[in-house]
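Single-letter residue listing:
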Amino acid sequence: MSSSVNKKELHYSLLQESLKTYDPYDIWKTGLGLKVKNLFNNNRLLGAGPAMALTVIDLGLNNGLRIGYKKQEYPITRATAALALLNHFEITGDTELLVPVTGHLEWLKENTCEGYSGACWGLGFTWPAGSGLVYDKNMPFSTHTPYALEALHRYTQITGDERYVGLIKSCFNFFEKDLCVIYEDDTMMATSYGPVRDRVAVNAVSYAMYAYAIFLLYFQEQENYIKGKIVKLYNFIRKKQQDDGSWLYLADDENSFIDCFHSCFVVKNLLKTGKLVELNGLDRVAKSGADYILEHFIDAKAGLYRRFTKNNKLSLIKFDLYDNAEVLNMAQMMGYKTHVENLTAAIDRKFTKGSDIYSVIDFLGFRKNKNTLRWAVMPYLYALSTIK
């Protein structure tokens with residue numbers, strides 16, 4: 001195990017009772033930020049200037065001070081912390097690690113989104129996602145709920161403690177009754193991002209696929225039905241993969257982007273699903289996707305992975321920890337040892353300083369967003385926890 005992994009594998013943030021944190025989205029959660037984001041989404045010509053001005057203020061003037069921002073808890077941060085600690089527990093057998101794990105899981109149990117058919121989780125803040133599309137802070141997502149679901153499932157499988165089985169089964173109701181089927185034919189299907197007929201994001205379809213693979217273990221009497229859904233969701237992902245191995249973020253929008261960490265999500269969910277369900281051609285689909293990421297996003301000079309190979313907006317960010325954390329996780333899952341070793345060293349060198357971890361490096365080469373857990377310290381710590 002490398003020295004950088006030793007230094008951060010039990011980072012203090014995994015063990016805290018509270019995971020309240022500042023976040024790179026803080027500027028867009030303010031009243032002004034929400035208005036500007038909405039304006040940009042609905043009219044880029046009018047919104048580009050104000051959006052860039054707020055970005056400059058956030059990254060340049062207010063990044064360390066965080067004036068006007070409030071720390072917040074995020075479900076995905078709690079779930080990822082629990083998953084990382086469970087990885088450490090499996091390696092060490094240290095039962096003391098289960099105390100913070102159950103603390104995180106109890107927080108998730110008490111902080112589900114309200115008013116839905118089953119347990120579910122979302123961002124926890126209002127998010128203007130696109131033109132005419134604004135998700136409220138109570139909105140659950142098919143991309144966020146699986147993190148909590150996986151944490152609850154892995155705790156159950158590892159410890160044999162069944163206290164959360166009811167909550168796991170409740171999640172099934174969310175996927176079955178609240179998510180929308182936006183497209184379906186005899187061979188494939190695509191589900192929504194949130195519990196509305198919103199959009200078809202490939203990574204969201206992959207999360208739904210993985211969630212149903214987990215549900216197979218808890219609803220054995222519905223095995224054929226659930227496997228049928230998994231196969232259809234998988235077939236959609238396979239169909240939408242481009243010849244070079246990439247996926248557009250929005251499956252049927254040629255103006256959509258291709259970015260690093262969402263691409264990694266798709267590969268990750270393919271690999272995890274493949275451990276639970278046999279799917280025709282999965283190894284080839286996953287390898288093609290992983291190889292595209294490793295070959296096309298890499299900045300050889302820095303040893304880090306870039307945000308986009310196809311972009312649809314300007315950015316002041318040169319490198320994002322989220323991208324690199326997810327590549328690290330994916331490379332570990334694929335068994336690409338050299339990539340894991342090289343990227344671990346590059347992240348440690350570029351994104352960390354002492355015990356502090358920064359989430360982005362701007363175009364001038366400065367580290368920004370110190371210790372923002374949701375995006376992307378916790379995904380990084382999770383990736384490290386997978387390295388044996």
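This text follows the structure it describes.
Residues numbered from 1 in each chain as written. Predicted model: local features only at pLDDT ≥ 70, side-chain atom pairs only at ≥ 80, totals over all residues. Heavy atoms only, no water.

Chemist: Looking at this structure, how should I read the packing of aromatic side chains?
Modeler: Tallied over the full model, the rule gives 28 aromatic pairs. With 5.8 Å between their ring centres and 85 degrees between their planes, Phe257 and Phe308 make a pair best called edge-to-face. Note that Phe257 is positioned in the loop between helix H10 (223-240) and strand E5 (258-259) and Phe308 in strand E8 (residues 308-310), a separation of 51 residues in sequence. Judged by relative accessible area, Phe257 falls into the buried class, the value being 16%. (Phe/Tyr/Trp six-rings, centres within 6.5 Å; stacked < 30°, edge-to-face > 60°. Helix = DSSP H or I, 4+ residues; strand = E, 2+ residues; numbered from the N terminus. Buried < 20%, exposed > 50% of the residue type's maximum accessible area, 1.4 Å probe, protein only.)

Chemist: Explain helix H9 (residues 202-215) to me, please; I cannot follow it from the model alone.
Modeler: Given 3.6 residues per helical turn, the α-helix brings residues three or four places apart onto the same face. Compared with an ideal rise of 1.5 Å per residue, which puts 14 residues at 20 Å, H9 spans 20 Å between its outermost C-alpha atoms and is within 8% of the ideal. Buried residues dominate H9, accounting for 14 of its 14 residues. (Expected span 1.5 Å × (residues − 1).)

Chemist: Please explain the nonpolar core as it appears in this structure.
Modeler: In terms of nonpolar packing, the biggest core is built from 127 residues, with Leu105, Phe215, Ile230, Leu270, Leu304, Leu328 and Tyr380 touching the most fellow members. Residue contributions to this core peak at 12 residues, all from H9. By size, the runner-up hydrophobic cluster in this structure holds 7 residues, among which are Ile27, Val36, Ala51 and Leu54. (Core = buried A, V, L, I, M, F, W, Y, C linked by side-chain atoms within 4.5 Å.)

Chemist: I tried to follow a nonpolar patch on the surface on my own but got confused; where do I start?
Modeler: A surface patch of nonpolar side chains, about 360 Å² in accessible area, is lined by Phe363, Leu364 and Phe366. With respect to the helices, strands and loops of the structure, Leu364 is situated in the loop between strand E11 (356-362) and strand E12 (367-370). On the basis of relative accessible area, Leu364 is assigned to the exposed category, the value being 57%. (Patch = residues over 30% accessible without salt bridge, like charges linked within 9 Å, V, L, I, M, F, W, Y side chains within 5 Å. Areas by Shrake-Rupley, 256 points an atom, 1.4 Å probe, with all protein chains shown as cover. Salt bridge = Lys/Arg side-chain N within 4 Å of Asp/Glu carboxyl O.)

Chemist: Just to check I follow, could you spell out the pattern of salt bridges for this structure?
Modeler: Two side chains of opposite charge can pair, provided their charged atoms sit close to one another. Throughout the structure, instances matching the rule amount to 15 salt bridges. Among the salt bridges present, the one from Glu326 reaches Lys268, with a minimum N-O distance of 3.6 Å. In this pair, Glu326 sits in helix H13 (residues 321-334) while Lys268 sits in helix H11 (residues 260-274), placing the two residues 58 residues apart along the sequence. Judged by relative accessible area, which is 4%, Lys268 ranks as buried. Here the salt bridges share partners, and the residues they tie into one network are Asp26, Lys29 and Arg66.

Chemist: Where do I start with unusual backbone geometry in this structure?
Modeler: Residues other than glycine predominantly adopt negative phi, and peptide bonds predominantly adopt the trans conformation. For the bond running from Trp375 to Ala376, omega is 10 degrees, close enough to zero to count as cis. At Arg66, a residue that is not glycine, the phi angle is positive and equals roughly 60 degrees. The residue Arg66 is located in the loop between helix H4 (44-61) and helix H5 (75-92) in this model. According to the relative accessible area criterion, Arg66 is buried, its value standing at 7%. Not every positive phi belongs to a glycine, and Asn369 is a case in point at roughly 60 degrees. When you line up the elements, Asn369 lands in strand E12. Exposure remark for Asn369: the relative accessible area of 3% places this residue in the buried category.

Chemist: Just checking my understanding: could you explain the pairing of strand E3 (residues 181-184) for this structure?
Modeler: For a regular strand, side-chain orientation follows a simple rule: the groups alternate between the two sheet faces. Relative to strand E4 (residues 189-191), E3 is paired through 3 bridges, and the arrangement is antiparallel. Its bridge partner lying in E4, Tyr183 is registered against Ala190. From the end of E3 to the start of E4, which pair antiparallel, there are 4 residues. (Pairing = 2+ DSSP bridges.)

Chemist: Sorry, what's going on with the side chain of Asn63 here?
Modeler: Tracing the sequence through the fold places Asn63 in the loop between H4 and H5. Of the residues examined, Asn63 reaches a relative accessible area of 11% and is grouped as buried. Of the polar contacts made by the side chain of Asn63, one reaches the side chain of Asn369; its length is 2.8 Å. Contacts of Asn63, omitting those with residues within four sequence positions, involve Asp58, Lys368 and Asn369. (Polar contact = N/O pair within 3.5 Å; in protein donor to acceptor, adjacent residues only side chain to side chain. Contact = heavy atoms within 4.5 Å.)

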